[in-house]
Amino acid sequence: MTLKTFLLASSAAALSVGAAAAEDLTFVSWGGAYQASQLKAYAEPYMAANPGVNIIWDESSNEAVAKLRAMNEAGNVTWDLVDAEGPDSQRLCDEGLAMEVDFDAALAPAPDGAAASADFGDSLINSCFIPQIVFSTTFGYRSDVAAWNGKEPDSLCAIFDTETFPGKRSLEKRPKKNLEWALLCDGVAKEDLYTVLDSDDGLDRALAKLDTIKDDVIWWTAGAETPQRLADGEVVMGSTYNGRLFSVIVEQKQPVKMLWDWQVFDFDGWIVPAGLPEDRLNRVMDFLHFATDTQRLADQAKYISYGPARASSQPLVSTHADLGVEMAPHMPTNPANQKNYLVNNIEWWADNQDAMESRFQAWLAQ
Amino acid sequence: MSDITRNDGPTGPMLAADGTPLKRSLARSLRRQKLRALMLIAPLLVFVLVTFIAPIADMLFRSVENQIVSETLPETVLALRDWDAKAGSLPEEPVFAALAADLQAAVAAKTHTRLGSRLNYENSGISSLFRKSGRDVGKWDMTTDGPFREKFIEIDKGWGDIGVWQTIKTYSPRYTPGYFLNAVDLAKGVDGIEARAANERIYITLFLRTLWMSLTITASCLILGYPVAWLLANLRASSANVLMILVLLPFWTSLLVRTSAWKVLLQQQGVINDLLVWIGLVGDANRLVMINNQFGTILAMTHVLLPFMILPLYSVMKTIPPSYLRAAKSLGATDWTAFWRVYFPQSVPGIGAGSILVFIIAIGYYITPELVGGTKGVFISNRIAFHISSSLNWGLGAALGAILLVAVLLLYWAYDKIVGIDNVKLG
Amino acid sequence: MTENARTADAAFVEFAHVQKSYDGETLVVKDLNLDIGKGEFLTMLGPSGSGKTTCLMMLAGFETATHGEIRLGGRPINNIPPYKRGIGMVFQNYALFPHMTVAENLAFPLEVRHIGRTEREAKVARALDMVQMGAFGGRRPAQLSGGQQQRVALARALVFEPELVLMDEPLGALDKQLREHMQFEIKRIADNLGITVVYVTHDQTEALTMSDRVAVFDDGRIQQLAPPDVLYEEPENSFVAQFIGENNTLVGVVREINDGVALVELDDGELIDAKPVNVTRPGERTRVSIRPERVEFNKARLQPGAHTLKAEVLEFIYMGDIFRTRLRVAGNDDFIVKTRNAPDQRRMQPGEQIEIGWLPTDCRALDA
C-alpha cells in the first residue's frame, strides 16, 4: 500500500518533469498489438497530415484510473488522451477525472451526414467516452482434446458440462460476465439477468452454478493468460478477448477454435482528462475529430480483429494488413457471430461492482 | 583541567579559560560540528521524509478521512441531524429541500457523481442514484419547484429507501472508522458496529492467510538459506564467489520473468509434471497441481526472497571464527552438539535479521501471489492493489494497509520482547 | 620429575612417517617422526609455514594425515573424530564461546560428557580457582581482559582432565609482561597436573623457558629435537643456530679436521678453529656460528695457540645488565658481542681496533 502510493506519487512527479513540449501529445494506451493498431490507423496518418505534432505513447492504460486520480490530486495532469474500457470511463467520468464531450460538435458526422451521436449510437455509454472499437469477451477451446471423443462445444454452457467436456477451464477472476454466464446456463433469460442478480438469492444462484466447476477453473487476471494456457494445453477452454483468440488461431495457427455463443460486448475508447489547458485541449480535440471518423475507425480493423464502434464504419472493414485475411468474419459485430450476445451492463455494474466483488472474492477464498 | 578548575574554586560551575561556563563553551564548539553533520544527512532526511514518512502519513489520513459527504452536501448533513435514523420513517421535506440545494451546487461543480461513487462503497446503487438525479436536479428552480420529497422519489425510488438515508447519515461525519471496520469484516450501521454477512467476510481470512503464508515462506527461506549461507561463509574464496553469484543471480532477472518461469515449470503441462510422467512417477491423468494455489505462492516467493535471507545470514556467519566449532569438538562435543550449542546461537542475529527482512517483504508482496497464487494463494496486498488501482476505494485500501503496518509493528515489538532487537545483525 | 616421566614410559604420542599435503602437489609436513613421552612439555617451534600448526591440528583431529600414522597411548587415532580423542586444546584467540558465561564455557565439556550437575559445578569451581579466576564465573568472555580470557581458555581445556593438552600460540595476543607471567603459570599448572602438553609457538624465548624438549620446525621437517639447553648451545645445523637465540655467522671453507677441531679459512683469508658439527671433509663450505656472549676479548683466557681475529668496534650500546658491542669482523659488519656489566668490564669505543677469540667448542662449523 505504502509502496503503491509512493509509486503513484513518484510516477506523477516523474511525468511532470517530462511535461509535454509545445507540439507534443501524450497518449495512454494498452501497449502491444492494440496500441500498434492505433499507431498505424490513427497516429501515423495524423502526424503525416500535421507534421508539427509529435505523439508520445505511454503504456499505462491498465492503471490509468488510479494514475489519473493521483495526477489529478497532485494538480498536474500530463496525459492528453487516455484509452479506456467502458467501465473505467464510467468511473473516471463519475469521479470528475474525465472531461464531458459534446459528441456532435466534437466528432465528425457520418459520410451520409448523420450526426456523430446517431452514428455511434449505443456505444456512447456516458458523456465522457468517445468509442473506438467493440470488442467481446468470449470463449476459445482446444480442438484436439482426446477425452471429448470428437465432440466440440457449440454452446456457452459447455463450460459447465464437465462430463462431456472434461478438463480445466480458464475464467477471469472477476464476478462480471461469469455471473451472467452462470445464470444464463442456469436457465435465466437474457432480459431477466439483472433482475435476478438484483434479488437476494440471485447472486447465490449464480455462485452455486459456478460452484459446480470451481475445482476445474484456473482463474486469470491478464488477458494474455487464457491464450497462453490454451496453447500450452494447460486448459481446454477459457474466456478471453476475441482479438487475443484471433491471434492464437489465425496468426499462431494453434489447434484452438472460437465459441461466439453469448459473447459479451464491451467498448473501448478515448477519454480526455478533465482540466486540460486550452491549447492542449484544442490539439487533442483536433486529433479526436480526425481519428474517430468513419474511415479511420474502419482502418483499425486492418490491424486487429476488433469491430469499429461506428455503424457507418462497418461496411468499410476490409482485409488484415499483413495476413490478407478477410476480417469481417472475425468481427464480434458480424451478424453470424451475434446470434446470442450480451452487452456489458456498465450502469448496473457501476452500482454493484463493489458488493459483487466482495461476495465473489469471499466465495473464491472459501 | 587543573588550570580550569583553579580559576573558580571548588563550588562554582566549571569555567573555561576565558571565564565563560565550560558547558556553554563546549556547546558552542560542538555546534558547528553538529551543523555540518546535519547538512550531510539533510538530503537523506528530506528523501526519507518525502518518499516514506509523507506517504505513510497520507495513507493513515486517508483511512479515516471522509470529508466528501459534508463538503458536497453541507445543508443536507445539517438537516439530517434531527432525523432519527432508527425510527423507520423517511426524512421530512426540509431534508429533501436541503438535498436539492446541495445537489444543484454539486452538479454545477460536477462533484455529485463523485460523492455517489464514495457512498456506493457502503451501499450499492447510490452511484447511479446520484448520477441519475444530477441530470434532473440541475434543471430545478429552487424557489418554485418545491416541495422536493415527492419529486426526488419520482426521479428514483431509491430516495424513498430509508437505507440510503441511513448511509448518508452514518457517513456524514468528517472522519469515519468505516474503512477500518470494513477492513476487518465489520460494518458501521445505524445501531453501531455490526458483523458482515458470513458470505461477505474476506479480509480477516486474508490477513490470517497472509500472516501464516509469510511465516511459512520465512521458515522455508531459513531452512533452505541456512546451509547455503554456511557454505558461502566457509568455502574457499574462489568457490564462495561463484556461489555468491548464483545467490545474487535472481536479482539480475526481472521478477516477472522469474515468476513466469515458475509457471512454465510448475503448471500441469509444465516441465516438472512432464518429467514426472515421463519417468512414470505420476500418471498422465494425475498430474500434480503445483501452481495457482498456496504451494505455488510459497515456492515462488521462497525463491524470490531467498537472497534476502542468505545475505544477512552470510554476513553474520562470516564473523564466526571456525575455531569455535573446533574448540567445541576438542571439548568433546559431537558435530551436531557443536553446531547446535555453539555455532547456531551465534548465528541467531543473522537469522533474526534475515527472517525480519523476508517476513516484512513477504507480508506486503503482491506481484508473485497475483501471478501464481490462484484463489487460495493470494495475499491481503492483492486486495489492497485492487482497491488502489481498480475499485478506486483508496480509503479501504489505506485502512487495509494501515492494519498491515500495525501488524508488522506488533510483530516487530514481539520479536524485540522475545529475542531482542539489538540481537539482530545485518553484517 | 618430568625427565623421569619421559624416559620411564613408552611414547604417549607418536607421529610415524606422517606426511600432509593440502593440494596434492607440495608437502607441508614431510615425513614427521616424533615421540612424545607422558607428562612431557614439548614445544613445536618454527617460523610461520613451517608445518608446526598443521602437526598440531592433525594431532587434534582437525586435519587428517595424508600418509603415516599418529598414535595416542599406543592406539592409532587417524580415524577417530576430534570429539572422541579427549584432547584439551587452547586456541590462539582462546575461542571462548561469546554467548556463554565463563562458568558455562567451562561446564560445556562436562555437559557433553553427561557429568552430573553437582560434580560439574565442583569441577568448574576447582578449575577456575586453579587459574585464579574463581570470582569471574558469571562474566561473559567479552567482559574479561585478554589475560583473563587466556586463563579461562586454559581452565576450559583442563576442566575435563585430559591427559594431553594442545596449545596453539596461546600467549600470542598478550603483551610482553603478561606473556612472561603466563609462561610460568602454564608451566606450573602443567607440572602440577602431570599432563602432557604439546605447545606451538614461533617465540623461541617461550619455547626455551617452558619446554622439556623443543622440536624446531622448518620446511615441513623437524630440524632438531632437543632440550632447550642443548638446542641453544649445540644447534645441529645453521637453521637452528640462526633461529634460536642471537648468533654471529662467519662464512668460509674447511681446511682440515683434526681431533674434533676444524680449521676454517674465512672468505677474507683468516683462519679460525671451530667444532665440526655437520661438516666432514676439508674443502666443504661452512657457516661458522658463535654466540655473542661466548666471544672473548681477553687473550689470557684463550687456549694457547688459539686463532684470533682482528676486529674494529663500530658501535657500543649500554643496555643496563649487559653491554652490546657491534664489531666488523672478517668483513661482517654485524658481529655482535655481549658482555656482562661487571665492574672490571671495559667499555669499548667506536673505532677501536681489538682482537677477539673464542674456545673452539663454542664455535660450531655448520652447513653452509
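Residues numbered from 1 in each chain as written. Chains lettered and ligands numbered in written order. Predicted model: local features only at pLDDT ≥ 70, side-chain atom pairs only at ≥ 80, totals over all residues. Heavy atoms only, no water.

**Observations regarding helix α3 (residues 102-111) of chain C**
Phase 1: Of all the ten residues making up α3 of chain C, seven are buried; the element is thus mostly covered by neighbouring parts of the structure.
Phase 2: Here α3 of chain C has its buried residues at V102, N105, L106, A107, F108, P109 and L110 of chain C.
Phase 3: Lining the buried residues of α3 of chain C we find α16 (323-330) and α17 (335-363) of chain B together with α4 (117-130) and α5 (146-158) of chain C. (Buried < 20%, exposed > 50% of the residue type's maximum accessible area, 1.4 Å probe, protein only. Helix = DSSP H or I, 4+ residues; strand = E, 2+ residues; numbered from the N terminus. Contact = heavy atoms within 4.5 Å.)

**Some remarks on the interface of chain A and chain B**
Phase 1: On the chain B side, the residues contacting the 43 residues of chain A number 47 residues.
Phase 2: Buried surface at the junction of chain A and chain B, summed over both partners, amounts to about 4,200 Å²; 51% is from carbon and sulfur atoms.
Phase 3: For the pair chain A and chain B, the number of links is six salt bridges.
Phase 4: Residues D94 of chain A and R131 of chain B are paired through a salt bridge, measuring 2.7 Å at the closest nitrogen-oxygen approach.
Phase 5: Run the count over chain A and chain B and you get 18 residue pairs in polar contact (both at pLDDT 80 or more).
Phase 6: For the side of chain A that touches chain B, the secondary structure elements donating two or more residues are α1 (2-17), α3 (64-74), α4 (86-94), β6 (217-220), α10 (225-232) and α14 (346-365) of chain A.
Phase 7: Across the side of chain A that touches chain B, the residue classes tally to 14 nonpolar, nine polar and 20 charged. (Buried area = accessible area lost by both parts, 1.4 Å probe. Salt bridge = Lys/Arg side-chain N within 4 Å of Asp/Glu carboxyl O. Polar contact = N/O pair within 3.5 Å; in protein donor to acceptor, adjacent residues only side chain to side chain. Nonpolar A, V, L, I, M, F, W, Y, C, P; charged D, E, K, R; others polar.)

**Let's talk about the sheet that holds strand β19 (residues 363-367) of chain C**
All names here are of chain C.
Phase 1: Taken together, the five strands give a closed barrel; going around it, the order is β11-β12-β13-β19-β14, and neighbouring strands pair in mixed fashion. Neighbour-to-neighbour, the strand axes of this sheet turn through a mean angle of 55°, independent of strand direction.
Phase 2: With two bridges connecting them, strand β13 (residues 271-276) and β19 associate as parallel partners. Counted as the bridge partner of K275 is R364 from β19. (Pairing = 2+ DSSP bridges. Axes fitted to C-alpha atoms, helices over the stretch in contact; angles between N-to-C directions.)

**Remarks on the sheet that holds strand β2 (residues 29-37) of chain C**
Residues and elements named next belong to chain C.
Phase 1: Spatially, the four strands line up as an open sheet ordered β2-β1-β4-β5, and their pairing is antiparallel. Each of the sheet's edge strands pairs with one partner strand only, and the pair in question is β2 and β5 (75-76).
Phase 2: Here six bridges tie strand β1 (residues 11-20) to β2, and the two strands are oriented antiparallel to one another. The partner of A11 across the bridge, within β2, is G37.
Phase 3: Its contacts with the sheet put helix α2 (residues 52-60) on β1, β2 and β4 (67-72), and the angle it makes with β1 is roughly 120°.

**Comments concerning the state of the cysteines**
All names here are of chain A.
Phase 1: Counted by the stated rule, this structure contains two disulfides over all chains.
Phase 2: Each sulfur of the disulfide joining C93 and C128 lies 2.0 Å from the other. Between C93 and C128 the disulfide shows an S-S torsion of about 65°. By sign, it is right-handed. Taken together, the residues C93 in helix α4 and C128 in the loop between α6 (116-120) and β4 (130-142) connect sequence positions 35 residues apart. (Disulfide = S-S within 2.5 Å.)

**Quick notes on the confidence of the model for chain B**
Residue and element names in this part refer to chain B.
Phase 1: Confidence in the prediction of chain B, expressed as mean pLDDT, is 89, and 97% of residues score 70 or more.
Phase 2: Confidence, read as mean pLDDT per element, is least for helix α1 (residues 2-8) in chain B (46) and greatest for helix α11 (residues 203-234) (95).
Phase 3: Within the model, pLDDT remains below 50 along residues 1-9, and this stretch shows eight contacts once partners closer than five positions in the same chain are excluded.
Phase 4: Confidence estimates for the predicted assembly give a pTM of 0.84 and an ipTM of 0.86. (pLDDT = per-residue confidence, 0-100.)

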